[in-house]
Amino acid sequence: SEAHNLYTEGSSSRVPDPLSPDLARFPRFADAAHSRLSTTMRPGDALFIPGLWFHHVSAESFSVAVNVFWKALPHNLYHPKDHYGNKDLPA
């Protein structure tokens, strides 16, 4: 897992620009970049990104994206700062 190289805080990375990271400030991010996946989507395509997968999206031209997040379990099981239900729940 590259999670330790992504400088995570809550459900986000502290790296403001993953395409041009400040490696003096975030040196481990270069190690995570070696594991990245990339794709080009076409009209009508859909992409499922599992929970806990960090991702960055950019568009070559005008586009519309729809994100759906949900919490399927009772609210009290999630951490208050976990806005998207990404945190692993206790076993």
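Since the structure is predicted, the reported quantities are computational estimates derived from the model, not experimental observations.

Turning our attention to the overall build of the chain. In terms of helices and strands, the chain carries one helix and two strands. When the helices and strands of the chain are placed in sequence order, the string is β-β-α. Burial status across the chain gives 10% buried among its 91 residues. Sequence-distant contacts, at least 24 apart, represent 36% of the contacts inside the chain between residues at least 6 apart. Of the roughly 8,100 Å² that the chain leaves accessible, carbon and sulfur atoms contribute 55%.

Any segment with low pLDDT has predicted coordinates that should not be analysed in fine detail. Scored by pLDDT, the chain has a mean of 81; 82% of the residues are at 70 or more. At the level of individual helices and strands, the chain shows its lowest average pLDDT in strand 1 (residues 8–9), which scores 81, and its highest in helix 1 (residues 29–33), which scores 89.

As a further point, take a nonpolar patch on the surface. Together, F62, V64, V66 and V68 make up an exposed nonpolar region whose accessible area comes to about 520 Å². Checked against the element boundaries, F62 lands in the segment after helix 1.

What follows covers unusual backbone geometry. Positioned with a positive phi, Y7 is a non-glycine residue whose angle comes to about 55°. You can see Y7 is positioned in the segment before strand 1. A residue is classified by how much of its surface remains accessible, and Y7, at 9% relative accessible area, is buried.

A word on the packing of aromatic side chains. Counted by the stated rule, this structure contains one aromatic pair. Between the aromatic rings of Y7 and F26, the centroid separation amounts to 5.0 Å while the plane-to-plane angle is 70°, which identifies the pairing as edge-to-face. Of this pair, Y7 sits in the segment before strand 1 while F26 sits in the loop between strand 2 (12–13) and helix 1, and the two are 19 residues apart along the sequence. Neither residue differs from the other here; Y7 and F26 are each classed as buried. Over the ring of Y7 we find R28; its NZ or CZ atom is 4.3 Å from the centre of that ring.

With that out of the way, let us pick up the nonpolar core. Listed in full, the six residues of the largest apolar core are L6, Y7, V15, F26, F29 and A32. What A32 contacts, discounting residues up to four positions off in sequence, is E2, N5 and L6.

Take the environment of M41 next. Assignment of secondary structure puts M41 in the segment after helix 1. Sequence spacing of M41 and A59 is 18 residues, and the spatial spacing of their C-alpha atoms is 9.4 Å. What M41 contacts, discounting residues up to four positions off in sequence, is A46 and L47.

The rules we used
Residues numbered from 1 in each chain as written. Predicted model: local features only at pLDDT ≥ 70, side-chain atom pairs only at ≥ 80, totals over all residues. Heavy atoms only, no water. Helix = DSSP H or I, 4+ residues; strand = E, 2+ residues; numbered from the N terminus. Buried < 20%, exposed > 50% of the residue type's maximum accessible area, 1.4 Å probe, protein only. Contact = heavy atoms within 4.5 Å. Areas by Shrake-Rupley, 256 points an atom, 1.4 Å probe, with all protein chains shown as cover. pLDDT = per-residue confidence, 0-100. Patch = residues over 30% accessible without salt bridge, like charges linked within 9 Å, V, L, I, M, F, W, Y side chains within 5 Å. Salt bridge = Lys/Arg side-chain N within 4 Å of Asp/Glu carboxyl O. Phe/Tyr/Trp six-rings, centres within 6.5 Å; stacked < 30°, edge-to-face > 60°. Lys NZ or Arg CZ within 6 Å of the ring centre and 35° of its normal. Core = buried A, V, L, I, M, F, W, Y, C linked by side-chain atoms within 4.5 Å.

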